[in-house]
Amino acid sequence: MNIRYLHTMVRVKDLDKTMAFFRLLGLEETRRIDNDKGRFSLVFMAPPGQPECPVELTYNWDGDDGLPSDSRHFGHLAYRVGNIYEMCQRLQDAGVTINRPPRDGHMAFVRSPDNISIELLQEGDHLPPQEPWASMENTGSW
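Residues numbered from 1 in each chain as written. Predicted model: local features only at pLDDT ≥ 70, side-chain atom pairs only at ≥ 80, totals over all residues. Heavy atoms only, no water.

- Under an unreviewed UniProt entry, the name given to the protein chain is Lactoylglutathione lyase, and the source organism is Paracoccus hibiscisoli.

### A look at the packing of aromatic side chains
Thinking step 1. The full count for this structure, using the stated rule, is one aromatic pair.
Thinking step 2. Ring plane angle 85 degrees and centroid distance 5.3 Å describe the contact between Phe21 and Phe22, whose orientation is recorded as edge-to-face. Considered together, Phe21 and Phe22 belong to a single accessibility category, that of buried residues.
Thinking step 3. In this arrangement the basic side chain of Arg31 is found over the ring face of Phe44, its NZ or CZ atom lying 3.9 Å from the centre. (Phe/Tyr/Trp six-rings, centres within 6.5 Å; stacked < 30°, edge-to-face > 60°. Buried < 20%, exposed > 50% of the residue type's maximum accessible area, 1.4 Å probe, protein only. Lys NZ or Arg CZ within 6 Å of the ring centre and 35° of its normal.)

### Things to note about the nonpolar core
Thinking step 1. Core analysis: the biggest nonpolar cluster contains 29 residues, and Phe22, Leu25, Val55, Leu57, Tyr79, Ile118 and Leu120 have the highest contact counts within it.
Thinking step 2. If you list the elements that add at least two residues to this core, you get β1 (8-12), α1 (15-24), β3 (40-46), β4 (55-60), β5 (77-81), α2 (84-93), β7 (107-111) and β8 (117-122).
Thinking step 3. Element by element, the count of residues in this core is highest for α2, at five residues.
Thinking step 4. Two domains each donate at least three residues to this core, and these are domain 1 (8-60) and domain 2 (77-135).
Thinking step 5. In this view, Tyr79 contacts Phe22, Leu25, Leu27, Pro47, Val55, Ile118, Glu119, Leu120 and Leu121; residues no more than four positions away in its chain are not counted. (Core = buried A, V, L, I, M, F, W, Y, C linked by side-chain atoms within 4.5 Å. Helix = DSSP H or I, 4+ residues; strand = E, 2+ residues; numbered from the N terminus. Domains from an automatic or database assignment. Contact = heavy atoms within 4.5 Å.)

### Let's talk about α2
Thinking step 1. Every buried residue of α2 is accounted for by Ile84, Tyr85, Met87, Cys88 and Leu91. The buried side chains of α2 occupy one side of the element, clustering within an arc of 165 degrees when seen end-on. Across from the buried face of α2, at angles greater than 90 degrees, the exposed residues are Glu86 and Asp93.
Thinking step 2. The inward-facing, buried residues of α2 abut α1, β5, β6 (98-100), β7 and β8.
Thinking step 3. The residue sitting at the N-terminus of α2 and contributing the capping side-chain oxygen is Asn83; that oxygen lies 3.0 Å from the backbone nitrogen of Tyr85.
Thinking step 4. Backbone geometry just downstream of α2 places Gly95 in the positive-phi region, at approximately 95 degrees. (Arc of directions from axis to C-beta. Polar contact = N/O pair within 3.5 Å; in protein donor to acceptor, adjacent residues only side chain to side chain.)

Have a look at this one:
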């Protein structure tokens, strides 16, 4: 049996805010489908050079009253990053809450504007503990 990963789909309430969030992570738009009849847009975003690993942002033009709600989402998306401390600082500087700081130099969790849990994992070996991350408490849930 052959199987190939295609994409991960998440529903979003504010397409512009969500796309800005994923751009902060380093993803770029790779494809877009605007469906006038169905009144929705599908925006695919992926890391540079990895178009085979997209997240599909599904945006209903007439809104989606169920969002943001954990009940409409799944566990999390995961991305490997070159320097977890630099990525978390970049996100925090842009106003993103670091829900689970990278105290161990390896893993952190944040949430998108649509309450999608995003896991960030350090590429290679764990980085040595570093402040302010090492002593930072968790905020919210992930």
